[in-house]
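Now for the letters of each chain:
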Amino acid sequence: MAVRGREGISNQAEQVVRRHGLATRLWHWINVVAVFTLIGSGLTIFNAHPRLYWGSYGANFDPAWLEIDDRAGGSEGFLRIGGIEVETTGFLGVFEKDGSTRTRAFPHYLTIPANYSLADGRRYHLFAAWVFGLSGLVYVIVSLLNGHARRALLPRRAELRPRHLWQEVKDHARLRFPKGDAARSYNSLQKLSYLVVIFGLLPLMVLTGLGMSPNMNAAWPWILDMFGGRQSARSVHFICATLIGAFIIVHLLMVIAAGPVREIRSMITGRLRIDREETV
Amino acid sequence: MSPSDIPRRQLLAGIGAGLALSGCERIGSTAPAQSLFDATDGFSRGAMRLVTNRSALAREYEEADMSPRFRANGSREPQGAEWQAHRATGFRDWRLTIGGLVARPLSLSLDQLRQMPRRVQITRHDCVEGWSAIGKWHGVPLRLILDLAGANERTRYVLFRCADEIGGVPYYETIDMVEALHPQTILAYGMNDALLPVPHGAPLRLRSERQLGYKHAKFVMGIEAIDSFANIAGGKGGYWEDRSDYDWWAGI
């Protein structure tokens, strides 16, 4: 109730605060391009062999835990995960392009390049991977050294109390966003998801990516052992990419809900216009 | 409506969508982008060799780890008359020719190759498509053959000429000396305790264990020590490199 009461007055006054540092803004926009390219070209590479395995080896004669394929003479597409099979005709396995039916796992509008080329997909992927990996390495090291990661991302003890987290989940679900001073920093759900992505998923993508390189397998076999074999590394690479895709979708929905112009502007200029919180 | 009438927000959204959909591919197919991609391959090779041990051995597995069935890929059987004739006679008169920048050009029979010191290794084969299979390979280290022929110091690459053709174009591959002199780089005449089967490249194939499958030339007829591959076939150092711009260095 108090929150609603505050909203009424707060709209009358705005205040501009410095929200995002230069390093964060640069890294964000580098990642927009690099991750977009990595996901699209990654789907092209997946299309070359749309089956995932656990262990060291895995090919057509071996059991796959995930597969996307077509059957019935290319008229029916399906996705199978373990024992669960879903018909996906029109989207996965079988889809239409330029008026004709195509039988590939992921459709042309999700892949880079749109016309299937494993060689080109790999070239986009490996170039973007260097941009992503090197800029990520620099950002992670800098933000650990200058305390940005600790100050902006590490949740305070009080924020981790179940009651507090539950309140935030409820606020998020109702699209009720922090105002005033609370909008100057990330809330705990944001902190936790950014921590998981930046220090969990992104390093895992790099490690599992390197874990698929036969040259790196010889040089650093500990990566193979860490994931339980090259095909397991490939599976984990795909799972983490899916989680990053989910993160991006939620992130974009939240930006839209919170006011896209204001949010995008703050990620470009660093300054965020927030509603002034009147003292109660 | 003049461009200035378009609301700025719409324009930005349009630019964004354009970049995302068509732009990306148009940028990617330009000459600067292609040379950037070519440079990336060299950069990956250089960076990895800089931070890792360049003579590190690929992992060798146990018999129990082997794939129950090893998938064959690419050409399964050369159609050329010469190879077919050799096959019909059990490769009795087949010879591996070794030439190029060598002191002593050689011509070795399968028996002569089998009498040389052999290496047996159970390794993982990784196809560029993403699948892997583990198999056992029996062969002679390429280094021994290069030593025997006396490859000179100008040699920078080793070229493998193959009997198989895809769409009328002969298959070939090249590797550099870091891979050529690597102890696990062998010319294999045996697989899984038997003679090398036809779909896997009989009578002789290359194993370059730290690179993807398309580098592992099958149906090898001749090898040459060379200092450049710029004037060979399409000039990119291999059949798939010429045909579809697969990266020459296939270590990743």
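Keep in mind that what you see is a predicted model, and the values were worked out from it rather than measured.

Student: In this structure, what is going on with the overall build of chain B? I would like to understand it.
Tutor: Assigned secondary structure in chain B consists of seven helices and 10 strands. Dimensions along the principal axes, computed over C-alpha positions, put chain B at roughly 80 × 45 × 40 Å. With 252 residues in all, chain B has 51% of them scored as buried. Sequence-distant contacts in chain B: of pairs separated by 6 or more residues, those separated by 24 or more amount to 69%. When the accessible area of chain B is evaluated, it comes to approximately 11,700 Å², of which 55% is carbon and sulfur surface. Averaging the coordinates of the 30 positive side-chain charges in chain B and doing the same for the 29 negative ones gives two points 2 Å apart.

Student: Would you explain the side chain of B:Glu179 in this entry?
Tutor: Along the chain, B:Glu179 turns up in helix 6 (residues 177-180). On the accessibility criterion, B:Glu179 (1% relative accessible area) is buried. Within the structure, B:Glu179 has its side chain in polar contact with the side chain of B:Arg210 (distance 3.3 Å). The contacts of B:Glu179, once residues within four sequence positions are left out, are A:Asn215, B:Arg49, B:Thr185, B:Ser208, B:Arg210, B:Gln211 and B:Trp249.

Student: I keep staring at the UniProt feature "transmembrane region" (unreviewed entry) in chain A and nothing clicks. Help me out?
Tutor: Under the local residue numbering, the UniProt record ascribes the feature "transmembrane region" (unreviewed entry) to residues 26-46, 127-147, 194-216 and 236-261 of chain A. Annotated as residues 236-261 of chain A, this span is 96% helix and 0% strand, and its ends, taken at the C-alpha atoms, are 35 Å apart.

Student: Please clarify how unusual backbone geometry should be interpreted in this entry.
Tutor: Most peptide bonds take the trans configuration, and most residues that are not glycine carry a negative phi. Cis geometry is found at the peptide bond from A:Ile112 to A:Pro113, where omega equals -10 degrees. Within the secondary structure layout, A:Pro113 lies in the loop between strand 7 (100-102) and helix 3 (118-145). Of note, the amide linkage connecting B:Ala202 to B:Pro203 takes the cis form, showing an omega dihedral of 5 degrees. One non-glycine residue, B:Asn192, lies in positive phi territory at about 50 degrees. Relative to the assigned elements, B:Asn192 resides in the loop between strand 7 (186-191) and strand 8 (194-195). Look at B:Asn192 and you get partly exposed, because its relative accessible area is 30%. Residue B:Phe219 is not a glycine yet carries a positive backbone phi of 50 degrees. Within the secondary structure layout, B:Phe219 lies in the loop between strand 9 (205-207) and strand 10 (220-226). For B:Phe219, a relative accessible area of 0% puts it in the buried group.

Student: Help me understand the domain arrangement of chain B in this model?
Tutor: Interface size is commonly expressed as the accessible surface area that is lost when the partners come together. By domain assignment, chain B separates into domain 1 (3-48) and domain 2 (58-244). For domain 1 of chain B and domain 2 of chain B, the distance between their C-alpha centroids amounts to 38 Å.

Student: For this particular structure, what's the right way to read the UniProt feature "domain: Cytochrome b561 bacterial/Ni-hydrogenase" (unreviewed entry) in chain A?
Tutor: Per the UniProt record, "domain: Cytochrome b561 bacterial/Ni-hydrogenase" (unreviewed entry) is found at residues 19-270 of chain A. Taken end to end, residues 19-270 of chain A is 59% helix and 10% strand, and its first and last C-alpha atoms sit 5 Å apart.

Student: Is there a simple way to think about the interface of chain A and chain B in this case?
Tutor: At the junction of the two partners, chain A supplies 39 residues and chain B supplies 51 residues. Carbon and sulfur atoms make up 61% of the area that chain A and chain B hide from each other, which totals about 4,000 Å². In this assembly, chain A and chain B are joined by four salt bridges. For B:Asp38, the salt bridge identified is with A:Arg123, shortest N-O distance 2.8 Å. Only helix 2 (22-48), helix 3, helix 7 (214-219), helix 8 (221-227) and helix 9 (230-258) of chain A provide two or more residues apiece to the side of chain A that touches chain B.

Student: Could you clarify how one ought to interpret the packing of helix 2 of chain A against helix 3 of chain A in this entry?
Tutor: Each pair of packed helices can be described by the angle between their axes along with the distance between the axes. All names here are of chain A. Direction vectors running N to C along helix 2 and helix 3 enclose 150 degrees, while the axes themselves pass 8 Å from each other. As the angle between them shows, helix 2 and helix 3 are arranged roughly antiparallel. Between helix 2 and helix 3 lies a crossing whose hand is left-handed. Split by residue class, the contact of helix 2 with helix 3 holds 15 nonpolar, 10 polar and one charged.

Student: I would appreciate a short explanation of the nonpolar core in the present structure.
Tutor: In summary, soluble globular proteins display a tendency toward joint burial of nonpolar side chains. Among the nonpolar cores identified, the biggest contains 55 residues, and B:Leu96, B:Leu113, B:Phe160, B:Leu187 and B:Ile223 are the most heavily contacted of them. The element best represented in this core is strand 7 of chain B, accounting for five residues. Counting 24 residues, the second-largest nonpolar core is a separate cluster that includes A:Tyr139, A:Ala152, A:Leu202 and A:Ile244.

Student: In this structure, what is going on with the side chain of B:Gln184? I would like to understand it.
Tutor: Mapped onto the elements, B:Gln184 comes out in the loop between helix 6 and strand 7. In contact with B:Gln184, not counting residues within four places along its chain, are B:Leu57, B:Ala58, B:Glu60, B:Arg119, B:Gln121, B:Arg207 and B:Glu209.

Student: What am I meant to see in the sheet that holds strand 4 (residues 76-81) of chain A here?
Tutor: Working definition: the strands of a sheet are paired by backbone hydrogen bonds and lie parallel or antiparallel to each other. Residues and elements named next belong to chain A. Overall, antiparallel pairing links the four strands, which are arranged 2-3-4-5 in an open sheet. The open sheet terminates on both sides in strands that have one partner only, identified here as strand 2 (51-52) and strand 5 (84-87). Where strand 4 meets strand 5, four bridges bridge the pair, whose relative direction is antiparallel. Residue pairing for strand 5: arginine 80 is matched across the bridge by glutamate 85.

Conventions adopted
- Residues numbered from 1 in each chain as written.
- Chains lettered and ligands numbered in written order.
- Predicted model: local features only at pLDDT ≥ 70, side-chain atom pairs only at ≥ 80, totals over all residues.
- Heavy atoms only, no water.
- Helix = DSSP H or I, 4+ residues; strand = E, 2+ residues; numbered from the N terminus.
- Buried < 20%, exposed > 50% of the residue type's maximum accessible area, 1.4 Å probe, protein only.
- Contact = heavy atoms within 4.5 Å.
- Areas by Shrake-Rupley, 256 points an atom, 1.4 Å probe, with all protein chains shown as cover.
- Lys, Arg positive; Asp, Glu negative; His and termini not counted.
- Charge placed at Lys NZ, Arg CZ, Asp CG, Glu CD.
- Polar contact = N/O pair within 3.5 Å; in protein donor to acceptor, adjacent residues only side chain to side chain.
- UniProt positions renumbered as here; feature names shortened; annotations may be inferred.
- Domains from an automatic or database assignment.
- Buried area = accessible area lost by both parts, 1.4 Å probe.
- Salt bridge = Lys/Arg side-chain N within 4 Å of Asp/Glu carboxyl O.
- Axes fitted to C-alpha atoms, helices over the stretch in contact; angles between N-to-C directions.
- Parallel < 35°, antiparallel > 145°, perpendicular 65-115°, else oblique.
- Left-handed = near helix turned anticlockwise from the far one by under 90°.
- Nonpolar A, V, L, I, M, F, W, Y, C, P; charged D, E, K, R; others polar.
- Core = buried A, V, L, I, M, F, W, Y, C linked by side-chain atoms within 4.5 Å.
- Pairing = 2+ DSSP bridges.

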